[in-house]
Amino acid sequence: MNYLDGINSPKDIKKLNIDELEALCGEIREFMIDSVSKTGGHLASNLGVVELTVAIHKVFSSPTDQIVFDVGHQCYTHKILTGRKNDFSTLRQEDGISGFTRRNESEHDIFSSGHSSTSISSAIGLAKAKALKGDKGKVIAIIGDGALTGGLAYEALNNSGNENSNLIVILNDNDMSISKNVGSMAKNLTTIRTSPKYATFKSKWSRRIAKIPKIGSKLTTTITLINQQIRKRVYKNTFFEDLGFRYYGPIDGHDLDALIDALSVAKTHNHSVLIHINTVKGKGYEFAEQDPSKFHGIGKFDINTGEPLSSGKNFSSVFGDSLIHLADNDFRFCAVTAAMGSGTGLSEFEKRFPKRFFDVGIAEQHAVTFSAGLARNGLLPVFAVYSTFLQRSYDQLIHDIAMQNLKVIFGIDRAGFVGEDGESHQGLFDTAYLMSVPNLTVFAPAYYDELSSMLYQAAYRESNAVAIRYPRGTEGEKPTGYEYLKENYSVFGDEEHSETAIITYSREFSECYKAFEKLNTLAENSVILIKLTKSKPIDESVCEHLGKVKRIIFAEEGIKHGGVGECFACVLEENGIDASYKHIAVEGFVKQASVKSQIKKYHLDCDSIVEEVLGFNG
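Everything in this summary refers to the structure shown in the same document. (Residues numbered from 1 in each chain as written. Predicted model: local features only at pLDDT ≥ 70, side-chain atom pairs only at ≥ 80, totals over all residues. Heavy atoms only, no water.)

1. Observations concerning the overall build of the protein chain
We apply this condition: The helix count covers DSSP runs of H or I at least four residues long, the strand count covers runs of E at least two residues long, and both are numbered beginning at the N terminus. Relative accessibility thresholds used throughout: buried, under 20% of the residue-type maximum; exposed, over 50%; partly exposed, between the two (1.4 Å probe, protein chains only). Two residues form a contact once any of their heavy atoms are found within 4.5 Å. Computed with the Shrake-Rupley method and a 1.4 Å probe, the accessible areas treat only the protein chains shown as cover for residues.
When you go through the protein chain residue by residue, the secondary structure sums to 23 helices and 17 strands. Counting all 618 residues of the protein chain, 55% fall into the buried class. Taking contacts inside the protein chain between residues at least 6 apart in sequence as the whole, the part at least 24 apart equals 76%. In the form shown here, the protein chain has an accessible surface area of approximately 26500 Å², with 50% of it arising from carbon and sulfur atoms.

Below, the structure is given as structure tokens:
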């Protein structure tokens, strides 16, 4: 019997028994592996939480009981159980369902996510609002041990406490070693304490004891204190209980019986509960279990071999190789990552220079200030980070790096459109906030050789902090004979006779150059093209090449307001350049689609640039 065919909402699993639920879990895994192999996605983390998600929906009633997934990249089973099974082939595709939780996608997606360590904070707010309004239901936050390396999670834990009687936190421990309870006595006590029969017995006798005249309340208090001391002696990890949680665990996260029992008991409590479970990333798919990092976020792959259908050289790998070359010749180079060593191309650096490689966990704020400390004492730290995650450490960038004028290099990966990961991961905002930071130079390579050269320049020719922002994936088409001259900008075309200028930087240069060539086949539409290699600071001498133009179009793969194009407009004004100005850039949040589709949608492809110029001239 195929149980998955009959699941169209969470209510459908409540009538299934344990054996049927276990069979359902197997079907979900097969369905998920087959589907993700065709769309790409976060596979290992989702395979690890199948039983947990099924158990949650068995015990609780979404959306009355509100479920919050940290990061949201492990929500696939949740989506399958909440009416999106038939849309799963559209996962991460344009106009399809997101790879993360999205409020506008389903009433069961309580909080939109994509970044780490936010679940407990939002869950506390949700729980408090429920309590104040008198709304029914619990709030369940699911957070992984990786996300628990982020400081925001600890700020939330510190702010939780007993008063949130409708809050349940589930710690999904699948890799990092958080102190586990040791010994068979602890294991047996956990089994007893999460038994519904024990909970009912305890609750009943607590009420009876409390009713004993004169001594009832004192006796209840004494028993509670004795119980707490016993737990502290048996359980080595009392951190969560010290913060006001009733702690249960660790529990086998693939044991449906144990999970359902623990969740059922947690549901009856009138104070905050934390359930600690152990799971295996990639559970049920051999290749993902053996190499969960590879299957954390993977493109299309061959189910039979586990091998990606596309791979090879990209900006991340070039960055990693270039950094290795520099570190080979200069012991001062150190690599810093916030739990993204593989994604940012640093895996080989870690093998070659283990003492100079620092993975600080999902803690971008700490990574920046830690790098500042390395720099202060004479090293050359290079922090490799996705653009979307660097925005979490803006204060540290200003206060701990720029204000002290410390030499830290930022390798900003996934700058610009990132494609299928959607709104929460687009690397579009760094263009604007980096422009506001003093003592910071920003390089914008369009090609692999530029990236390698700029990394060298950042290390040995710049005196302050440097950011090198480069796109996801492979380099674009390079013009025949193009050579990076290590200047702040390059000019292409006939300055004496051109009335229109196109100005751009980074990956967008490839599309603009193709447009430049097309336009110059029409004599009446002769244009010049200027490529900025440094997007900050803007070299004002570029204005010397714009004195005869009447129209300027600035095209950038970044946010419009506060972006490089707006700053460039100020430079033109201050230098007395009297020309009409058009700024083509991104406004709002960019939804999932292929990078090619996103570039076209925002009029940054070759044909759109040509149309913009022709329309502007008209």
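2. Concerning the side chain of His108
Within the fold, His108 resides in the loop between helix H4 (76–84) and helix H5 (119–133). Residue His108 is classed as buried on the basis of its relative accessible area of 9%.

3. Things to note about helix H20 (residues 508–519)
To be explicit about the condition: One less than the residue count of a helix, multiplied by 1.5 Å, gives the span that helix is expected to have.
With 12 residues, H20 extends 16 Å from end C-alpha to end C-alpha; this agrees with the ideal 16 Å at 1.5 Å per step. Counting buried positions over the 12 residues of H20 gives 9, a clear majority of the element. For H20, every residue scored as buried is listed here: Glu508, Phe509, Ser510, Glu511, Cys512, Tyr513, Ala515, Phe516 and Leu519.

4. As for a negative patch on the surface
Filter applied, for reference: Patch membership requires more than 30% relative accessible area and the absence of a salt bridge. Residues of like charge join within 9 Å; the nonpolar side chains Val, Leu, Ile, Met, Phe, Trp and Tyr join within 5 Å. For this document, the term salt bridge refers to a Lys or Arg side-chain nitrogen within 4 Å of an Asp or Glu carboxyl oxygen. Two residue types count as positive, namely Lys and Arg, and two as negative, namely Asp and Glu; His and chain ends fall outside the count. Positions of charges follow a simple convention, taking NZ of Lys, CZ of Arg, CG of Asp or CD of Glu.
A cluster of acidic side chains, namely Asp19, Glu22, Asp252, Asp255 and Asp257, defines a negative patch on the protein surface. Under the relative-accessibility criterion, Asp19 is labelled exposed at 60%.

5. Quick word on the environment of Val442
Its location among the elements puts Val442 in strand E10 (residues 440–443). Residue Val442 is classed as buried on the basis of its relative accessible area, which comes to 2%. When neighbours within four sequence positions are excluded, Val442 is seen to be in contact with Leu434, Ala467, Arg469, Thr533, Lys534, Ser535 and Lys536.

6. Describing helix H17 (residues 394–402)
So the rule is basically this: Working note: the arc is built from the helix axis to C-beta atom directions.
Here H17 has its buried residues at Gln396, Leu397, Asp400, Ile401 and Ala402. Along the axis of H17, the buried residues cluster in a sector spanning 155 degrees; they form a single face.

7. A few points about the packing of helix H15 (residues 364–376) against H17
Cut-off, in case you're wondering: Lines fitted to C-alpha atoms define the axes here, with helix axes fitted over just the stretch in contact, and angles between the N-to-C directions of these axes take values from 0 to 180 degrees. Angles below 35 degrees are treated as roughly parallel, those above 145 as roughly antiparallel, those between 65 and 115 as roughly perpendicular, and all remaining angles as oblique. By the convention adopted, Pro, Cys, Tyr, Trp, Phe, Met, Ile, Leu, Val and Ala count as nonpolar, Lys, Arg, Asp and Glu as charged, and the other residues, Gly among them, as polar.
Orientation of H15 relative to H17, taken along the N-to-C sense of each, is 10 degrees, at an axis distance of 9 Å. Here H17 runs roughly parallel to H15, going by the angle between their axes. Contacts between H15 and H17 involve Gln365, Val368, Thr369 and Ala372 from the former and Gln396, Leu397, Asp400 and Ile401 from the latter. The residue inventory of the contact of H15 with H17, partitioned by class, reads 4 nonpolar, 3 polar and 1 charged.

8. Topic: the packing of helix H3 (residues 50–59) against helix H11 (residues 256–268)
Our working rule: We call a crossing left-handed when the near helix sits turned anticlockwise from the far one by less than a right angle, and right-handed when that turn is clockwise.
The N-to-C vectors of H3 and H11 enclose an angle of 45 degrees; their axes lie 9 Å apart at closest approach. Of the possible angle classes, the one that applies to H3 and H11 is oblique. The way H3 lies across H11 gives a crossing that is right-handed. Counted together, Glu51, Leu52, Val54, Ala55, Ile56, Lys58 and Val59 of H3 and Leu256, Leu259, Ile260, Leu263, Ser264 and Lys267 of H11 form the full contact between these two elements. Looking at side-chain class alone, the contact of H3 with H11 contains 9 nonpolar, 1 polar and 3 charged residues.

9. So, the pattern of salt bridges
Under the definition given, this model contains 27 salt bridges. One salt bridge connects Arg92 with Asp421, and the closest N-O pair in it is separated by 2.9 Å. Of this pair, Arg92 sits in the loop between H4 and H5 while Asp421 is found in the loop between strand E9 (409–413) and helix H18 (430–435), placing the two residues 329 residues apart along the sequence. Taking relative accessible area as the criterion, Asp421 reaches 12% and is therefore assigned buried. With a closest N to O distance of 3.3 Å, Glu499 and Arg551 form a salt bridge. Here Arg551 lies in strand E16 (residues 551–559) and Glu499 lies in the loop between strand E12 (489–492) and strand E13 (500–505), a separation of 52 residues in the sequence. The network of salt bridges with common partners includes Lys79, Arg84, Glu105 and Asp109.

10. With respect to the nonpolar core
Let me state the cut-off plainly: For this analysis, a nonpolar core means a set of buried residues of the types Ala, Val, Leu, Ile, Met, Phe, Trp, Tyr and Cys, connected via side-chain atoms within 4.5 Å.
Residues Phe319, Leu323, Phe349 and Ile468 are the most contacted members of the largest nonpolar core, which totals 56 residues. Sorting elements by how many residues they give to this core places helix H13 (residues 315–329) first, with 7 residues. When neighbours within four sequence positions are excluded, Ile468 is seen to be in contact with Ile409, Phe410, Gly411, Ile412, Phe443, Pro445, Leu451, Met454, Leu455 and Ala458. Grouped together as the second largest cluster of nonpolar side chains are 53 residues, Cys25, Ile170, Ile251 and Phe301 included.

11. Some details on the sheet that holds E10
To be explicit about the condition: Between any two strands, pairing holds if DSSP finds at least two bridges.
Strand order in the open sheet made by the 7 strands is E7-E6-E8-E9-E11-E10-E15, with mixed pairing throughout. The two strands at the open ends of the sheet, each matched to only one other strand, are strand E7 (357–359) and strand E15 (534–536). The mean inter-strand angle of the sheet, taken between neighbouring strand axes irrespective of direction, is 25 degrees. Relative to E15, E10 runs antiparallel, the two sharing 2 bridges. Looking at the pairing, Val442 lines up with Lys536 of E15.

12. Some thoughts on the side chain of Ser608
Following the sequence through the fold, Ser608 ends up in helix H23 (residues 606–617). Taking the relative accessible area as the measure of exposure, Ser608 reaches 9% and is therefore buried. Apart from the residues within four sequence positions on either side, Ser608 is in contact with Lys600 and His603.

13. Some points on the sheet that holds E12
Strand order in the open sheet formed by 5 strands is E12-E14-E13-E16-E17, and the pairing between neighbours is mixed. Whereas interior strands pair on both sides, the edge strands pair on one side only; in this sheet they are E12 and strand E17 (580–586). Direction aside, neighbouring strands of the sheet carry axes that sit 15 degrees apart on average. Alignment of E13 against strand E14 (residues 527–532), held across 6 bridges, turns out to be parallel. Bridge pairing in E14 links Ala501 to Ile528. Seen against the sheet, H20 touches E12, E13, E14 and E16 and runs at an angle of roughly 165 degrees to E14.

14. Observations regarding the packing of aromatic side chains
Test applied: Centre distance within 6.5 Å is the pairing criterion for rings of Phe, Tyr and Trp, where only the six-membered ring of Trp is used; planes under 30 degrees apart are then read as stacked, over 60 as edge-to-face, and the remainder as tilted. In this scheme, Lys NZ or Arg CZ marks a charge over a ring once it lies within 6 Å of the ring centre and within 35 degrees of the ring normal.
Inspection of every chain in the model, using the stated rule, returns 31 aromatic pairs. On the numbers, 5.6 Å between centres and 55 degrees between planes, the contact of Tyr447 with Tyr482 is tilted. With Tyr447 in the loop between E10 and helix H19 (448–460) and Tyr482 in the loop between strand E11 (465–469) and E12, this residue pair connects regions lying 35 residues apart in the sequence. Note on accessibility: Tyr447 and Tyr482 belong to one class, buried. In this structure an aromatic cluster arises from ring pairing among Tyr447, Tyr482, Phe492, Phe509, Tyr513 and Phe516. Note that Lys531 overlies the ring of Phe509, its terminal NZ or CZ placed 5.6 Å from the centroid. We note Lys582 situated over the ring of Phe616; from NZ or CZ to the ring centre the distance is 5.2 Å.

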